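# Descriptive structure summary
So the chains spell out like this:
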Amino acid sequence: MHKVEITEVKRLLAVLLSGAVLLSSGCGGAAGSGVDQQSGNGTYADGQQVGENAQGDDSGNSEQNMQGAGSENESAADDNGSSNTNGSEASDGTGSGENSSTQLSEEELNSPVDFTYQTHPLNMVNGADKYAIANYYSIELDRSSKEKFGKLQKVLDDNATAYDREANEFFTSSAEEIKEMFDSGWGLAYESDKNIFPIRADGRVFSYIVSNYLYLAGAHGFCDFSNYNYDPVTGEEIQFSDVVKDTDALPEIIVSELEKQNEDLAKNFEDLPSDRENLVSGIPDRLKDNAKGLSWAVDYDGIWCCFEDYAMGYYAIGTQMVKILFADYPDVFTDTYDNYKDKEIPDIKEIGKELKEADLVSVDAGALLGGGAASGDSSDGGAYPSGLDDDGREPGEGDLDEGYGEDWWYHAVVKNPGWSAWTADGIDTDAGKPSFELSEVKSTTTDWLNEDVWSAENGIPLPERFPFSDGTYNYSVVNNAEGGELSLTVFNEDTQTLEGNYYFDEFISPPDKGEGLFADFTEPEIQYALVKDNTLYVSLGHRTYAAANPHKSYIVAIDMVSGETLWKSDDQVCGSHNFLIMGDSIYCGYGFTDEPDFIYILNRHNGKVQKKIKVKSAPYYFIECDGYLFVLTYNTEYQYKILE
């Protein structure tokens, strides 16, 4: 099992802050959010650009793996409550963080805080192989600004130090994993990239957004955002409550503005209203912890809110950024930072200047793997830019082989224990009885059952196919066995975290290939998935005759904490489009032309068959509604009463 422990990198990136939605085929580009994208460089938010078209970037650098809302990267910045600056706070004339008696005038509070910012590239190499790349930004106030805002500079310095350390921890925790991949011939470098987007810089607010992109050699990377809003005088974080006074109206306002600023997204919400509803209903939870879930930033004339991959529904939509103007919603915002009502909006591009990137720092993967010293151009002359020990951790932080906890999941190749039914050691193999018995109420047979018509007539929605959400988890897949990839991504919508990327490489090429016309058309696919009690249940198989290859339509159960396979069911028990978990049983079915057609009830703890029920044709859908189970087959609708 591959294990990767990534400290503080559970927020991930797909399209940089162009605000453009990347939809799958047929959706195209979208109206921009007002943020220009510059490949590899810092990007600015300009309120006057809202509504202009912006082209999204679909390169590897602009895709990303989630977690949800805003990075939880630790910085040494203070978080001490409201920081409404009224000019009474003393500034630091030395830049050392000590208070002076000088008070800032209104003119100084309204004046730009000039600064420069610089990217810091890092590589991890092993001989000629580039194992991983990382990048982060540092910010330096100019001399006059630093004299006034020494506490702000200290916070910015602490942030840069935290970024540097995180990059090195990323290398350390990934080295062994990457080496295994390179040794196996899967030679793709990992990537951790932080890109900075200055928003506002004056004596009242210093704000910027960082996009966090993480790529771990999978189908794509992931992206989310971190937000930074500081009172330049105190260096303290600005509170969301100092900016927004009416949070009740905010969810609908945010989503409505997203639709106004992106026609493609609006069309997507029209086609999939549940995605819109999920976004609106999830925003109140994003308001916790100073609304970090919104990844918000104060601009001169409004606020920006940033949304990570999967926030809008499925991955192809990408990240989103929306601007909400103070003037449009005066009842929602306070006047605390609305200081440019009748003034010209400053151009942040003229206030913040990007420097040439810093010298590349190279870290030798051999040192991280216990094979020697690292080398690089670090300014302190040491092997590690952050001054870490050679295991990438501070003394006492624990051993790299321990404590992976739930962080293994970023790249997990699911173990295939074999091509017959299997149960891990220590698991009871008794099939037991179904949690619920099924008593047939009625069945209606036709030549062919149109599920869509049935759904409309009965007012009962059909189970969704990939990508879909079960209300807590979002599931998406890459079914490309012919191209060498079967992968499943699970994203927790409640916590806005990525639960894992699961690669089913070991399930692509089953033995016992049959003969005949269809023997060459048995590439498997991931058919359905559900999470229950930290266990991931996944059905896999091909959609042709069992005679072409019998290893089809089975379920695999995976422990989401350890990543280990718990059990694999018999073949040909779950070829249905979905399955249900009710109590301690899984309800599914299998059938095919000239093959037996049954409902199967499995023990969800070991995969053993508890019961099978004969049906007239292949079961397609299992739908629980108001105490009844509806089973839709090729030509028959079954209705069962669910009995305890």
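For the structure itself, consult the block above.
Residues numbered from 1 in each chain as written. Predicted model: local features only at pLDDT ≥ 70, side-chain atom pairs only at ≥ 80, totals over all residues. Heavy atoms only, no water.

The next subject is the sheet that holds strand E27 (residues 609-614). With antiparallel pairing, the 4 strands of this open sheet are ordered in space as E24-E25-E26-E27. Only two strands of the sheet have a single partner each, and these edge strands are strand E24 (580-582) and E27. On average, each strand axis in the sheet is inclined to that of its neighbour by 25°, with strand direction left out of account. (Pairing = 2+ DSSP bridges. Helix = DSSP H or I, 4+ residues; strand = E, 2+ residues; numbered from the N terminus. Axes fitted to C-alpha atoms, helices over the stretch in contact; angles between N-to-C directions.)

Attention now goes to the packing of helix H4 (residues 250-261) against helix H6 (residues 273-286). Packed helices, taken two at a time, are described by the angle between their axes plus the distance between the axes. Relative to each other, H4 and H6 sit at 140°, their axes nearing to 8 Å. The pairing of H4 with H6 is recorded here as oblique in orientation. H4 and H6 meet at a crossing whose hand is right-handed. On H6, the residues touching Pro-251, Glu-252, Ile-254, Val-255, Ser-256, Leu-258 and Glu-259 of H4 are Arg-276, Leu-279, Val-280, Ile-283 and Pro-284. Residues belonging to the contact of H4 with H6 are distributed by class as follows: 8 nonpolar, 1 polar and 3 charged. (Parallel < 35°, antiparallel > 145°, perpendicular 65-115°, else oblique. Left-handed = near helix turned anticlockwise from the far one by under 90°. Contact = heavy atoms within 4.5 Å. Nonpolar A, V, L, I, M, F, W, Y, C, P; charged D, E, K, R; others polar.)

Further remarks concern the side chain of Ser-585. You can see Ser-585 is positioned in strand E25 (residues 585-592). Only 2.7 Å separates the side chain of Ser-585 from the side chain of Gln-610, close enough to count as a polar contact. Sequence-distant contacts of Ser-585, defined by excluding residues within four places in its chain, comprise Lys-433, Pro-434, Ser-435, Leu-580, Ile-601, Leu-602, Arg-604 and Gln-610. (Polar contact = N/O pair within 3.5 Å; in protein donor to acceptor, adjacent residues only side chain to side chain.)

With that out of the way, let us pick up unusual backbone geometry. Between Phe-466 and the following residue, Pro-467, the backbone shows a cis peptide bond with an omega angle of -10°. Looking at where Pro-467 falls in the secondary structure, it is placed in the loop between helix H10 (451-458) and strand E16 (468-469). The phi dihedral of Asp-289 is positive, around 55°, even though this residue is not glycine. Assignment of secondary structure puts Asp-289 in helix H7 (residues 288-291). One non-glycine residue, Tyr-310, adopts positive backbone phi at about 75°.

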